[in-house]
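The chain contents come next:
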Amino acid sequence: MLTLLLLPLSLLYAGVMAVRNLLYHTGLNPSVSFPEVPVLNVGNLRVGGTGKTPHVAFLLALLQQLGQHPAMLSRGYGRQTRGYRLATLTDTAATIGDEPLQQFRHFAGGIPVAVCEDRVAGIRQLLLDAPITSAIVLDDAYQHRRVQPAINILLTEQERPFTEDFVLPAGRLRESRVGAVRADLIIVTKCDELLSDARRQEFTRDIRRYARPTVPVLFSTYVYGEPVAVGAAARPLGPEVVLLTGIARPEPLVQYLTSAGYHVVHHTRFADHHAFTEAEIAAIAAQLQPQQSVFTTQKDAARLLDPALAPVVAQLPVFYLPIEVRFLADGQARLQELLMPYFQPHAVV
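So, here's what we can say about the structure. (Residues numbered from 1 in each chain as written. Predicted model: local features only at pLDDT ≥ 70, side-chain atom pairs only at ≥ 80, totals over all residues. Heavy atoms only, no water.)

## Brief notes about the pattern of salt bridges
Side chains that differ in sign of charge can pair as their charged atoms come close. For the record, the criterion: Note on definitions: salt bridges are taken to be side-chain nitrogens of Lys or Arg within 4 Å of carboxyl oxygens of Asp or Glu. Secondary structure follows DSSP: runs of H or I at least 4 residues long count as helices, runs of E at least 2 residues long count as strands, and numbering of each begins at the N terminus. The rule is simple: take the accessible area with a 1.4 Å probe, protein chains only, and divide by the maximum for that residue type; under 20% is buried, over 50% is exposed, in between is partly exposed.
Tallied over the entire structure, the rule returns 20 salt bridges. Arginine 46 is the salt-bridge partner of aspartate 165, the closest N and O atoms lying 3.0 Å from each other. In this pair, aspartate 165 sits in the loop between strand 6 (151-157) and strand 7 (185-189) while arginine 46 sits in the loop between strand 1 (39-44) and helix 2 (52-65), placing the two residues 119 residues apart along the sequence. Given the relative accessible area of 11%, aspartate 165 is considered buried. The salt bridge involving arginine 146 is made with aspartate 118; its shortest N-O contact spans 2.8 Å. Of this pair, arginine 146 sits in the loop between strand 5 (135-139) and strand 6 while aspartate 118 sits in the loop between strand 4 (113-115) and helix 5 (119-129), placing them 28 residues apart in sequence. The exposure class assigned to aspartate 118 is partly exposed, which follows from its relative accessible area of 28%. A single salt-bridge network, built from bridges that share partners, covers Glu157, Arg160, Lys190, Arg249, Glu251 and Arg269.

Here it is in structure tokens:
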């Protein structure tokens, strides 16, 4: 009923976005392309929770394997700074945002990571700061139409595909479903690893009702790694865990923990990109029982390592679960096939 009541507002919002997209499509609002380096955009139609961060990490690693020198540019959502900033070892989630910080640490500083609200200005400066860059991966810029990427990669979840959703506020879409027509590749994320071929074909048919009829549709799943210590303990103390999250969609993690034999005795859940406080961490510490550990996500761990929180966190048995993206069927081979025309393959040095 609430969805029906909000549909008029959704139609209004969708209309505004349609006019905006038309202005870019006709060239009245110009888009900037970068012929000197391929720009690969990873984004979505839905607000949050489609798996952009692990897929960006997968793409950066794959480009490295192909002998490229990738860099990453993000808006840096949630940071307390403005303008362009190139990540360094002294940066925190407050200075560049939790997701860029996570990527910078994940690649141990071996990939240039920058943030800038103005993606055009950010790309230009990043190419000056890292002149050997041979590819730039844009994080969450599907609606940032000022940049014309070489490849637009659209993500959508198996459990909540954009084909079954509505525009804000009745649903969670940032623009109407037909925005998928701009995608050069669509990845259905967080899939059941046993998703049948028939079900994949059904998803593909539904998606191509809104996207281009020949757009490749791939399917990916998550593989969780062993817990990585953030705090005091070297390994989890027992099967009972307190879960701490500040992400859009913690449900897949909860399901994994249950299937892996953990018992989530309490879930302290905050909004996406939440800036944890000392009081909040102290409250978790106060309720923690002997032999219980605190589990969180890799993105949340980036914020927990803020200098103001580090002394408190260091005393607790806190762990994050790393996520690896894997493609179903021949998905990775098809992704590489799509990327190769943009690059001259050469050996990694």
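## Focus: the packing of helix 2 against helix 4 (residues 98-106)
Our working definition: Only the stretch in contact is used when a helix axis is fitted, and all axes are lines through C-alpha atoms; the angle between N-to-C directions ranges over 0 to 180 degrees. Left-handed describes a crossing in which the near helix is turned anticlockwise from the far one by less than a right angle; the clockwise case is right-handed. Note on definitions: a residue-residue contact is assigned when non-hydrogen atoms from the two residues lie within 4.5 Å. Residue type decides the class: Asp, Glu, Lys and Arg count as charged, Ala, Val, Leu, Ile, Met, Phe, Trp, Tyr, Cys and Pro as nonpolar, and the leftover types, Gly among them, as polar.
Closest axis-to-axis distance for the helix 2/helix 4 pair is 11 Å, and the angle between their directions is 35°. For helix 2 against helix 4, the interelement crossing comes out right-handed. Contacts between helix 2 and helix 4 pair Thr53, Val56 and Ala57 from the former with Glu99, Gln102, Gln103 and His106 from the latter. Counted by class, the contact of helix 2 with helix 4 contains 2 nonpolar, 4 polar and 1 charged residues.

## A short note on the nonpolar core
As a rule of thumb, nonpolar side chains are buried together in soluble globular proteins. Worth spelling out the cut-off: Grouping buried Ala, Val, Leu, Ile, Met, Phe, Trp, Tyr and Cys residues that are joined through side-chain atoms within 4.5 Å yields what is termed a nonpolar core. Where each domain starts and ends follows an automatic or database-derived domain assignment.
Counting residues in each nonpolar core, the largest one holds 44 residues, and the members touching the most others are Leu59, Leu63, Ile153, Leu335 and Leu339. The dominant element in this core, judged by the number of residues it contributes, is helix 2, at 7 residues. Taken domain by domain, the makeup of this core includes at least three residues from each of domain 1 (24-223 + 328-341) and domain 2 (228-321). Those residues in contact with leucine 59 that sit more than four places away from it in its chain are Leu40, Val42, Val137, Ile153 and Leu339.

## Structural notes on helix 11 (residues 331-339)
Applied cut-off: By arc we mean the arc of the directions from the helix axis to the C-beta atoms, nothing more.
Restricting attention to buried positions, one finds in helix 11 the residues Gly331, Leu335 and Leu339. Along helix 11, the residues classed as buried sweep out an arc of 75° about the axis, all on the same side. Buried residues belonging to helix 11 abut strand 1, helix 2, strand 6, strand 7, strand 8 (217-224) and strand 14 (323-327).

## Observations concerning the pairing of strand 10 (residues 240-245)
Basically, it comes down to this: When DSSP finds two or more bridges between two strands, those strands count as paired. Look down the strands so they point away from you; if going from the first strand over the helix to the second traces a clockwise path, that crossover is right-handed.
Burial within strand 10 is extensive, with 5 of its 6 residues counted as buried. Bridge count between strand 10 and strand 11 (residues 263-269): 6 bridges; the pairing is parallel. Counted as the bridge partner of leucine 243 is histidine 267 from strand 11. Taken together, strand 10, helix 7 (residues 251-259) and strand 11 constitute a β-α-β crossover, and its handedness is right-handed. Here strand 10 pairs with strand 12 (residues 293-297) via 3 bridges, running parallel.

## Some points on unusual backbone geometry
Proline 169 follows leucine 168 through a cis peptide bond whose omega is 0°. Mapped onto the secondary structure, proline 169 falls in the loop between strand 6 and strand 7. Located in the positive-phi region is alanine 108, a residue other than glycine, with phi close to 50°. By secondary structure assignment, the location of alanine 108 is in the loop between helix 4 and strand 4. Judged by relative accessible area, alanine 108 falls into the exposed class, the value being 69%. Its identity as a non-glycine residue notwithstanding, alanine 329 has a phi of 55°, on the positive side. Along the polypeptide, alanine 329 turns up in the loop between strand 14 and helix 11. Classification of alanine 329 by relative accessible area gives exposed; the value is 63%.

## Focus on the sheet that holds strand 12
Across the sheet, which stays open at both edges, the 5 strands sit in the order 9-13-12-10-11 with mixed pairing between neighbours. The sheet terminates laterally at strand 9 (228-229) and strand 11, the two strands that pair on one side only. Across 2 bridges, the pairing between strand 9 and strand 13 (residues 318-321) is antiparallel. Its bridge partner being in strand 13, valine 228 is matched across the sheet by tyrosine 320. Along the sheet, helix 7 makes contact with strand 10, strand 11, strand 12 and strand 13, crossing strand 10 at roughly 170°.

## Observations concerning the environment of proline 236
Of note, proline 236 is situated in the loop between strand 9 and strand 10. Residues proline 236 and glutamine 291 lie 55 residues apart in sequence; the distance between their C-alpha atoms is 8.2 Å. Excluding residues that lie within four positions of it along the chain, proline 236 makes contacts with Pro227, Tyr262, Ser293, Phe295 and Phe319.

## Quick look at the environment of arginine 334
Examined against the element boundaries, arginine 334 turns out to sit in helix 11. The class of arginine 334 is partly exposed, set by a relative accessible area of 32%. Along the backbone, arginine 334 and valine 217 are 117 residues apart, and their C-alpha atoms lie at a distance of 9.6 Å. With residues near it in sequence (within four places) discarded, arginine 334 still touches Pro216, Val217 and Leu218.

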